[in-house]
Protein chains: 2
Amino acid sequence: MAIPPLQAFASDLNRYRALVDQGLKELGWSLAQPAGLYAPMDYFMSLGGKRLRPTLCLMACEMAGGKAQTALPQALALELFHNFTLLHDDIMDESPLRRGQPTVHLRYGLNSAILSGDALLIEAYNRMVQAKPELMPDLVKEFNRVALQVCQGQQMDMDFQNREEVGLSEYREMIGLKTAVLLGSSLKIGAMMGGASATDAQAMFRVGYLTGLAFQVQDDWLDVYGDPKRFGKQIAGDIKACKFNFLRVLAWEHSNNIQKGLLSENFAKIKERISQGTEVLNEDVFPIIRVYDQIGVTQLAIDFKENCIKTIHNLISEKSFSKNNHGLAFYGYCISLINRDF
Amino acid sequence: MAIPPLQAFASDLNRYRALVDQGLKELGWSLAQPAGLYAPMDYFMSLGGKRLRPTLCLMACEMAGGKAQTALPQALALELFHNFTLLHDDIMDESPLRRGQPTVHLRYGLNSAILSGDALLIEAYNRMVQAKPELMPDLVKEFNRVALQVCQGQQMDMDFQNREEVGLSEYREMIGLKTAVLLGSSLKIGAMMGGASATDAQAMFRVGYLTGLAFQVQDDWLDVYGDPKRFGKQIAGDIKACKFNFLRVLAWEHSNNIQKGLLSENFAKIKERISQGTEVLNEDVFPIIRVYDQIGVTQLAIDFKENCIKTIHNLISEKSFSKNNHGLAFYGYCISLINRDF
């Protein structure tokens, strides 16, 4: 299946984006009372973002034969939920900035950040259930499951921070829960709203899930090998922060004992620098990148990504929506997400 | 309507309590993974409590003609939701203790407290929707509304802490949102599960709401005039903490300019002591209590409470469930809640 140029899909994407932007504008939180609760919510939602999840939701709804407008409450619910997780994660990670602006806990204080995050989650539920009564049980069940899984993933991620090493399969599980299930569910819920069968909706889930995993592998590869100017990040930021990511666990999984020793030793050095409050320099990360190169993590990352893409391809090919021109465009969109060509 | 002795109801109450305790035991969170997420949830739920909201829910279900068991998922949802609010409130209030035990943020850390609170809220939704599909839309709508109102009430409460004075009507609104709507909803949701009409369910809501308000007035009166030994609190704890409560706003509402001056002056002194970290002594609160006595806040509190009770009485009398012996026992239970005779 050849990948169509993204432009083929561009007018649809613009239409979805316009719907989502309009829906977010109509939340009306800038004037809602008590302002102490709604101003932080309004602020956080106004920081922007790619609106990826609601876009996937509307897209899946149309592919299933529905009108995008039908799935708009669910699309907004998914975006609100995503922002709830970001808002509370920012507290847990002590992040000072979100999209270049002060995080809510820095701008409005810890208490407002906790409470307005809670309210975002409730507002998400509020919209998720705006559907025909016969769809509601499945929608709520799906949303509950995903919401809980995202919390479980976040907890696993926090647990990893106190670990020496993390295996590939448990890392994959963590990222699956923390990130990929929400992308999968965005497609699945959109498909459900569009009238898809349970089997088709589940296939959509898997496409989104695998796209999320492949996206993360690509992201983590770019952290080391990407052009820092193009992606606006410092070089090897994850290594400098001693964070586990896909690249690190792929490397560990495929390293021999000597390489394991080198990785452990150099990550321990960085960890010590961090705990002492000393700056981690480019010189500290080079020994690790040399081991990565030796192991051939670039090829490992490509293999992992290609594996995901192959399954995505098969899933889309098997499904009825691949019979019209949606299938190709959708496949192209997934690839473009994974490769950051958007 | 004479108030029956509480014993008349005791075996029902014990049955409700046993159902709730069994339901909470079956959550199985002590072994759930990841333990970092579920252990704090299990710990917090094991701290106990009066299980008032689930009891009200099961009671209302039976009064409406249903079996208590039918409303058990919703009863548990209400208790989980209540504990979610307590868990996050403890962080916001920087409380060290909850029911005599360390709060979650002190025992497990801030991040665990935020995340396990989030998960409690999601687990509450999970159970709230375990109902016949035709009931689900109304259940979710009711629960969403209440959940959001509790957040709004919490925000208003936090806003009040930076204020010089607070009026009776806005204080009443805040307590209504923060506390009373959840009691009202516990009855309403139970009634819905028991097959009550929308009108009866709404009457139940009002009974619970007014019980919540009257309960709070009584609680705040006891803070100053209760026997500290009996209620296990220090004398005038709210005054010492310079907190607004019903008594304070009732006094303010009915004070003349001289009394207003005395109240402002003495609360300002306490506020300054707190900001300096100096201990607030009994001597500091006496001038305020003298003004309270002069204004006659005890009578004002009684009037407020009696007003609520009168409406509760009328609501219960008008409703069909007062035709069987449920009505009297239920009325007695509401009175016992308000007067702390349980």
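Below: a short report on this structure. (Residues numbered from 1 in each chain as written. Chains lettered and ligands numbered in written order. Predicted model: local features only at pLDDT ≥ 70, side-chain atom pairs only at ≥ 80, totals over all residues.)

**Here we look at the overall build of chain A**
Put simply, the test is: For the purposes of this entry, the term helix denotes a DSSP run of H or I that reaches at least four residues, the term strand denotes a run of E that reaches at least two, and both are numbered from the N terminus. Atoms counted for the radius of gyration: C-alpha only. Globule rule: 2.2 Å times the number of residues to the power 0.38. Exposure classes come from backbone-placed C-beta atoms, where a residue is buried if 20 or more other C-beta atoms lie within 10 Å of its own, exposed if 12 or fewer do, and partly exposed in between. Any pair of residues counts as being in contact when their C-beta atoms, constructed from backbone geometry, are within 7 Å of one another.
On a plain count of helices and strands, chain A comes out with 16 helices and 2 strands. Here the C-alpha radius of gyration of chain A, 21 Å, is about what a compact globule of 342 residues would show, namely 20 Å. Counting only C-alpha atoms, chain A reaches 60 × 50 × 35 Å along its principal axes. Classification of the 342 residues of chain A by burial places 49% in the buried group. Nonlocal contacts in chain A, meaning residues at least 24 apart in sequence, comprise 72% of its contacts between residues at least 6 apart.

**Some points on the relation of the copies chain B and chain A**
Keep this limit in mind: When the copies are overlaid, the least-squares fit takes in C-alpha atoms only where the residue has pLDDT of at least 70 in both copies.
When chain B is fitted onto chain A, the two copies agree to an RMSD of 0.0 Å after a turn of 180 degrees and an axial shift of 0.0 Å. The transformation relating the two chain copies, once decomposed into turn and shift, fits a two-fold axis. When you check the interface residues of chain B against chain A, 100% turn up at the interface there too, and the contact is symmetric in its surfaces.

**Digging into the packing of helix α3 (residues 52–63) of chain B against helix α8 (residues 168–193) of chain B**
All names here are of chain B. As a reminder of what qualifies: In this analysis an axis means a line fitted to C-alpha atoms, helices contributing only their contacting stretch, and an angle means the value between N-to-C directions, from 0 to 180 degrees. Should the near helix be turned counterclockwise from the far one by less than a right angle, the crossing is left-handed, whereas a clockwise turn marks it as right-handed. All amino acids are sorted into three groups, where Ala, Val, Leu, Ile, Met, Phe, Trp, Tyr, Cys and Pro are nonpolar, Asp, Glu, Lys and Arg are charged, and the leftover types, Gly among them, are polar.
Where α3 contacts α8, the axes come no closer than 7 Å and their chain directions differ by 35 degrees. The element α3 and its partner α8 pack so that their crossing is right-handed. Listed contacts from α8 to R53, L56, C57, L58, M59, A60 and C61 of α3 are L182, L183, S186, L187, I189, G190, A191 and M193. For the contact of α3 with α8, the per-class residue count stands at 12 nonpolar, 2 polar and 1 charged.

**Some words on the environment of B:P102**
All names here are of chain B. Relative to the elements of secondary structure, P102 occurs in strand β2 (residues 101–102). On the neighbour-count criterion, P102 (15 C-beta atoms within 10 Å) is partly exposed. For the pair P102 and Q74, spaced 28 residues apart in sequence, the C-alpha separation works out to 28 Å. Other than its neighbours up to four places away in sequence, P102 contacts P96, L97 and R107.

**Description of the interface of chain B and chain A**
The interface is formed by 30 residues belonging to chain B together with 30 residues belonging to chain A. Of all the secondary-structure elements, those providing two or more residues to the side of chain B that touches chain A are α2 (35–46), α4 (72–92), α6 (110–128) and α7 (136–160) of chain B. Looking at the side of chain B that touches chain A, the element that brings in the most residues is α7(B), giving 13 residues. Classifying every residue of the side of chain B that touches chain A by side-chain character gives 20 nonpolar, 8 polar and 2 charged.

**Some thoughts on the packing of helix α7 (residues 136–160) of chain A against helix α8 (residues 168–193) of chain A**
Residue and element names in this part refer to chain A. Rules: Here roughly perpendicular refers to angles of 65 to 115 degrees, roughly parallel to angles under 35, roughly antiparallel to angles over 145, and oblique to all remaining angles.
One way to put it is that α7 packs onto α8 with a least axis distance of 7 Å and a crossing angle of 165 degrees. Judged by the angle between their axes, α7 and α8 are roughly antiparallel. Two packed elements cross with a definite hand, and for α7 against α8 that hand is left-handed. Where α7 approaches α8, its residues D138, L139, E142, V146, Q149, V150, Q152, G153, Q154, M156, D157 and F160 are matched on the opposing element by M174, L177, K178, V181, L182, S185, K188, I189 and M192. A breakdown of the residues in the contact of α7 with α8 according to their chemical character gives 11 nonpolar, 5 polar and 5 charged.

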